[in-house]
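Geometric and topological summary
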Amino acid sequence: MRWGTTGTTRAIGCDGAGSERSERMRETAGFPADHGELLVVDDEPFLRDAVAASLRFLGFGVTTTGTGASALRLARDRPFDLVVLDVMLPDTDGFEIVRRLRRDGSRVPVIFLTARDTQADKVTGLTLGGDDYLTKPFGLEELAARVRSVLRRSRPEGPPEDSRLVFDDLELDQDSYEVRRNGHPIDLSPTEFRLLRYLMLSPGRVLTRAQLLAHVWDYDFGGSSTVVSTYVAYLRRKLARYGPDLIHTQRGVGYSLRLPRPIDPADPGGGRPDVA
């Protein structure tokens, strides 16, 4: 059963199918007990209540609201683990809510819900700092899977012996979510942090755009390489404030983290490997 079809909403069946579906959702959990405080924002009451009921059944604490103003107030006042946010709200859009939250310094993960299935909207949502984007109509099982996926990415599974990743003068702390270069703190969005972490886990290795999408965003969609390029540019600018560029572009392939190399005037490629 899919939810959020244009102009209509389907109810959970009372013939046992809904119970069977919910039980299957619980059995396929990615970890023993789903936990965390979620904020669900949608102006359609029946859809909002159905999503909330499904997530509560899985063990999450859920708060609901139907307006952007209320959502912004709640997200500012309470430490939610994740926000499920409809893009099209009566008083403002979900993109503007995320803009304000990120401007406030909030890094709460966000999954956008929308009936607008366009590449431009997806790029906008992810570029603003959204963590996932689900198009209506959608299945409750798919939403639950995406909630778990985003929470797994935002919660380190287990601290390593040393939570710090270090590359040259760049340091990333996986426990405190702090990044420093030459001792200077660098403020990164959650997506920028995950992107840098993945690059630092494989220094010197060229990571393709498909690999970055799979590990940083955990899913793919048509034309999404634009999102990768956009976030790499954001990250470059922030890191370049305190030192030379450490992110190398392998044209047509992807990106790698490597020490800057002096350019040989006799080499028009600047010492970079040939690219197809």
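Points about the pairing of strand E13 (residues 247-250)
Of the two faces of E13, the one holding Ile247 and Thr249 and the one holding His248 and Gln250 are both buried throughout. Judged from the four bridges that link them, E13 and strand E14 (residues 254-257) form a sheet pairing that is antiparallel. The residue of E14 that forms the bridge with Gln250 is Gly254.

Details of the side chain of Lys136
Structurally, the position occupied by Lys136 is in the loop between strand E6 (132-135) and strand E7 (138-139). Classification of Lys136 by relative accessible area gives buried; the value is 11%. Within the structure, Lys136 has its side chain in polar contact with the side chain of Asp42 (distance 3.1 Å).

Considerations on the pairing of strand E5 (residues 110-114)
Of all the five residues making up E5, five are buried; the element is thus mostly covered by neighbouring parts of the structure. Alternating residues of E5 divide into Val110, Phe112 and Thr114 and Ile111 and Leu113, and every residue in both groups is buried. Both strand E4 (residues 82-86) and E5 contribute to a ladder of four bridges, which runs parallel. Residue pairing across strands places Val84 opposite Ile111, the latter belonging to E5. Two elements, E5 and E6, share four bridges in a ladder whose sense is parallel. Opposite Thr114, over in E6, you have Thr135 as the bridge partner.

Topic: the sheet that holds E5
Note on sheets: strands pair through backbone hydrogen bonds, and any given pair is parallel or antiparallel. Spatially, five strands are ordered E3-E2-E4-E5-E6 in an open sheet, and the strand pairing comes out parallel. The outermost strands of the open sheet, each flanked by one partner alone, are strand E3 (61-65) and E6. In this sheet, adjacent strand axes meet at a mean angle of 15° when their direction is disregarded. Packing of helix H2 (residues 45-57) onto the sheet brings it into contact with strand E2 (37-41) and E3, and relative to E3 it is tilted by some 170°.

With respect to the packing of aromatic side chains
Taken as a whole, this structure holds four aromatic pairs when the rule is applied. Measuring from ring centre to ring centre gives 4.6 Å for Tyr177 and Phe193, while their planes differ by 25°; the resulting arrangement is stacked. Of this pair, Tyr177 sits in the loop between strand E9 (170-173) and strand E10 (178-181) while Phe193 sits in helix H7 (residues 190-201); the two residues are 16 residues apart in sequence, bridging distant segments of the chain. Given the relative accessible area of 28%, Tyr177 is considered partly exposed. Relative to Tyr234, the ring of Tyr231 has its centre 5.6 Å away and its plane inclined at 75°; by these criteria the two rings are edge-to-face. With Tyr231 and Tyr234 both in helix H9 (residues 225-239) and three residues apart, the pair spans about one turn of that helix. According to the relative accessible area criterion, Tyr231 is buried, its value standing at 1%. Owing to a relative accessible area of 25%, Tyr234 belongs among the partly exposed residues under this scheme. Feature note: the residues Phe95, Phe112 and Tyr133 constitute an aromatic cluster, connected by ring pairs.

A few points about the sheet that holds E9
Reading across from one edge, E8-E9-E10-E11 is the order of the four strands in this open sheet, with antiparallel pairing throughout. Unpaired on one side and paired on the other, strand E8 (164-167) and strand E11 (184-186) mark the two borders of the sheet. On average, each strand axis in the sheet is inclined to that of its neighbour by 25°, with strand direction left out of account.

Things to note about the packing of H7 against H9
Where H7 meets H9, the closest approach of the two axes is 10 Å, and the angle between their N-to-C directions is 85°. The angle between H7 and H9 places the two elements in the roughly perpendicular class. Counting all contacts with H7, which are made through Thr191, Glu192, Leu195, Leu196 and Leu199, the residues of H9 involved are Tyr231, Val232, Tyr234, Leu235, Lys238 and Leu239. In terms of residue class, the contact of H7 with H9 is built from eight nonpolar, one polar and two charged.

Here is what the cut-offs are and how they apply
- Residues numbered from 1 in each chain as written.
- Predicted model: local features only at pLDDT ≥ 70, side-chain atom pairs only at ≥ 80, totals over all residues.
- Heavy atoms only, no water.
- Buried < 20%, exposed > 50% of the residue type's maximum accessible area, 1.4 Å probe, protein only.
- Helix = DSSP H or I, 4+ residues; strand = E, 2+ residues; numbered from the N terminus.
- Pairing = 2+ DSSP bridges.
- Polar contact = N/O pair within 3.5 Å; in protein donor to acceptor, adjacent residues only side chain to side chain.
- Axes fitted to C-alpha atoms, helices over the stretch in contact; angles between N-to-C directions.
- Contact = heavy atoms within 4.5 Å.
- Phe/Tyr/Trp six-rings, centres within 6.5 Å; stacked < 30°, edge-to-face > 60°.
- Parallel < 35°, antiparallel > 145°, perpendicular 65-115°, else oblique.
- Nonpolar A, V, L, I, M, F, W, Y, C, P; charged D, E, K, R; others polar.

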